[in-house]
Number of protein chains: 2
Amino acid sequence: MYLCRKIDTMQILDGRTTAESIRKELSEAVQERKRNGKKIPHLAAILVGNDGGSLTYVGAKVKACDQIGFESTLIRYDETVPEDILLAKVHSLNEDKSIDGFIVQLPLPAHIDEMKITLAIDPKKDVDGFHPENLGKMILNVPGFLPATPAGIVELLKRNQIITEGKNCVIIGRSNIVGTPLSIMLGRNTSTGNCTVTLAHSRTNNLKELCLTADILIAAIGQPNFITADMVKEGAVVIDVGTTRISDASRARGWRLTGDVDYANVAPKCAWITPVPGGVGPMTIASLMINTLKAMELKGK
Amino acid sequence: MYLCRKIDTMQILDGRTTAESIRKELSEAVQERKRNGKKIPHLAAILVGNDGGSLTYVGAKVKACDQIGFESTLIRYDETVPEDILLAKVHSLNEDKSIDGFIVQLPLPAHIDEMKITLAIDPKKDVDGFHPENLGKMILNVPGFLPATPAGIVELLKRNQIITEGKNCVIIGRSNIVGTPLSIMLGRNTSTGNCTVTLAHSRTNNLKELCLTADILIAAIGQPNFITADMVKEGAVVIDVGTTRISDASRARGWRLTGDVDYANVAPKCAWITPVPGGVGPMTIASLMINTLKAMELKGK
């Protein structure tokens with residue numbers, strides 16, 4: 001009976017549906033631009049090598065562009081591509097007026113310095129929001145590109161009317177592209193922020209106790225099923241950023257995506273929870289699309 | 001008896017002494033540069049108007065340069081100076097090869113857009129570490145200028161062998177120049193970081209309970225005596241960033257500097273505590289001096 005009540009009140013934070021409504025809005029914006037004779041946003045993506053996850057992500061980004069009506073260009077290199085060739089391509093995309101924004105899909109092969117590539121991207125075309133100038137603008141809350149995954153999470157909360165102000169938020173994982181920027185975005189003084197954020201990581205001593213204080217708990221560590229039910233407060237909002245591929249012989253492709261949260265046991269305690277897949281992933285791509293349109297608006301085009 | 005024991009174990013985090021030893025090291029570095037025929041670091045400071053606090057701070061910065069052997073230039077404007085004149089001066093300092101780093105003392109008069117001025121400063125000369133590119137580099141942990149007050153606090157902890165790793169740190173106040181960057185610096189994966197940081201602010205609901213969890217408690221809100229003894233855990237490290245001038249007829253100048261911490265009552269509970277004045281203030285100036293030397297090193301000079 002108790003379990004039924006809890007399941008009744010638990011709601012899925014559905015990234016697919018939310019991302020779909022964003023794509024629809026962006027598609028309308030593209031139509032409006034066409035009617036006004038304005039340039040159509042054009043996203044380029046550089047993909048190095050044949051990593052399965054990267055192929056899937058880049059493919060989904062190109063597909064999202066098609067659905068919205070953005071132009072897209074996929075540039076592929078063999079995984080042995082020398083760093084200077086990749087840098088030269090970044091510089092050429094920086095200069096290419098037909099390209100409004102571009103991304104270099106991470107991770108890159110070990111012989112390429114990811115930071116050097118990131119720093120070479122023109123901040124005005126950095127629609128992934130990884131360049132330090134954009135991260136700094138996020139801190140200062142001035143216009144720039146917000147990193148796609150944190151921005152997608154904030155948008156997902158906002159569009160599902162989940163109040164963040166005054167809430168205790170615990171983020172586990174301090175990566176440059178998710179945990180750390182998300183801690184800033186949820187903590188700053190905006191209508192989608194104003195949480196009291198604690199950023200936890202591998203050196204955190206009292207993780208379980210800390211998680212139990214969280215009104216909003218965000219797991220971004222890439223360890224399948226790390227967050228168990230005993231770590232979650234009744235009625236919490238749980239966001240699962242993990243997407244680890246684990247072997248699954250029952251699937252035709254031989255694997256399934258698994259989040260950082262033990263969903264089956266955690267979900268009944270939650271007010272809201274994101275599924276994996278179908279939670280944060282689609283929102284990341286939606287954010288990238290929002291940034292690509294923003295690239296034109298920031299240029300005043 | 002109990003009180004005596006606590007007072008015996010409490011230690012002052014002495015910013016004046018620590019800053020003095022940094023100045024000595026920097027002074028030796030200047031002598032070494034002179035011996036090697038290298039350029040002497042040159043800091044410029046722009047001061048607008050006659051605000052008492054700003055005059056004091058800028059004066060202390062110029063004095064620190066003199067003590068160390070740096071060159072310094074103070075550029076003063078009347079508080080009615082138009083924004084475009086100030087911007088033109090920033091651009092001219094960006095281009096001036098004799099100036100290695102410069103600051104624009106904040107706050108600026110209301111008719112001047114502080115953010116516009118900050119964004120106009122060449123990040124390579126931004127020794128205050130306020131430019132978004134430097135804030136972003138701080139997030140990414142790549143070489144750049146760290147904002148002076150947070151960097152000074154981290155240095156003060158480090159030079160007094162206060163371990164941060166795995167400690168719970170609560171920072172109260174999320175300003176762009178203190179609380180927010182400090183939350184990143186103390187949380188990131190470095191030998192002077194690795195705290196579990198919670199950033200609290202005006203919308204935080206459970207502030208007292210939160211403060212009581214802090215091994216390291218940092219107050220940066222500018223509200224005199226806001227942190228009372230009942231908010232501090234026995235044995236905590238307390239850092240007071242507040243420097244509010246409050247009227248004091250017993251002083252010749254008519255005011256005294258007051259911190260955010262009720263020092264008399266909090267100090268007996270602490271393992272370490274910074275006084276006001278003589279705690280964070282001198283370390284902020286020392287950090288600015290470190291950044292000025294670093295400006296040359298980052299240029300490879």
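Scroll up to find the structure.
What comes next is a walk through the structure. (Residues numbered from 1 in each chain as written. Chains lettered and ligands numbered in written order. Predicted model: local features only at pLDDT ≥ 70, side-chain atom pairs only at ≥ 80, totals over all residues.)

## Here's the deal with the relation of the copies chain A and chain B
Reasoning step 1: Between the two copies, chain A and chain B, the superposition gives an RMSD of 0.0 Å; the rotation angle is 180° and the shift along the axis is 0.0 Å. What the rotation and shift describe, once combined, is the action of a two-fold rotation axis.
Reasoning step 2: Interface overlap between copies: 100% of the residues of chain A at the interface are likewise at the interface in chain B, consistent with a symmetric, same-surface contact. (Least-squares fit on C-alpha atoms with pLDDT ≥ 70 in both. Contact = placed C-beta atoms within 7 Å.)

## Comments concerning the packing of helix α7 (residues 148-159) of chain B against helix α11 (residues 280-298) of chain B
All names here are of chain B.
Reasoning step 1: In contact at an axis separation of 7 Å, α7 and α11 are set at 105° when each is read in the N-to-C sense. The angle between the axes of α7 and α11 places the two elements in the roughly perpendicular class. Within the contact between the two elements, α7 uses Ala-148, Thr-149, Ala-151, Gly-152, Ile-153, Glu-155 and Leu-156 and α11 uses Val-280, Met-283, Thr-284, Ala-286, Ser-287, Leu-288 and Asn-291.
Reasoning step 2: Tallied by class, residues from the contact of α7 with α11 come to eight nonpolar, five polar and one charged. (Axes fitted to C-alpha atoms, helices over the stretch in contact; angles between N-to-C directions. Helix = DSSP H or I, 4+ residues; strand = E, 2+ residues; numbered from the N terminus. Parallel < 35°, antiparallel > 145°, perpendicular 65-115°, else oblique. Nonpolar A, V, L, I, M, F, W, Y, C, P; charged D, E, K, R; others polar.)

## Some thoughts on the nonpolar core
Reasoning step 1: Counting 159 residues, the largest nonpolar core has Ile218(A) and Ile218(B) as the members making the most contacts within it.
Reasoning step 2: Leave out the neighbours within four places in its chain, and Ile218(A) touches Cys169(A), Ile171(A), Ile172(A), Leu182(A), Ile239(A) and Val241(A). (Core = buried A, V, L, I, M, F, W, Y, C linked by C-beta atoms within 7 Å. Buried ≥ 20, exposed ≤ 12 C-beta atoms within 10 Å, placed from the backbone.)

## Examining the environment of Arg16(A)
Residues and elements named next belong to chain A.
Reasoning step 1: Secondary-structure assignment places Arg-16 in helix α2 (residues 15-35).
Reasoning step 2: When the C-alpha atoms of Arg-16 and Cys-169 are compared, they prove to be 23 Å apart, with 153 residues separating the residues in sequence.
Reasoning step 3: Those residues in contact with Arg-16 that sit more than four places away from it in its chain are Gly-278 and Pro-282.

## Examining the interface of chain A and chain B
Reasoning step 1: Taken together, the contacts link 28 residues of chain A with 28 residues of chain B.
Reasoning step 2: Of the residues forming the side of chain A that touches chain B, the biggest block, eight residues, is contributed by helix α6 (residues 132-140) of chain A.
Reasoning step 3: Strand direction decides the pairing type here: strand β6 (residues 196-200) of chain A and strand β6 (residues 196-200) of chain B, joined by three bridges, are antiparallel. The partner of Val197(A) across the bridge, within β6(B), is Leu199(B). (Pairing = 2+ DSSP bridges.)

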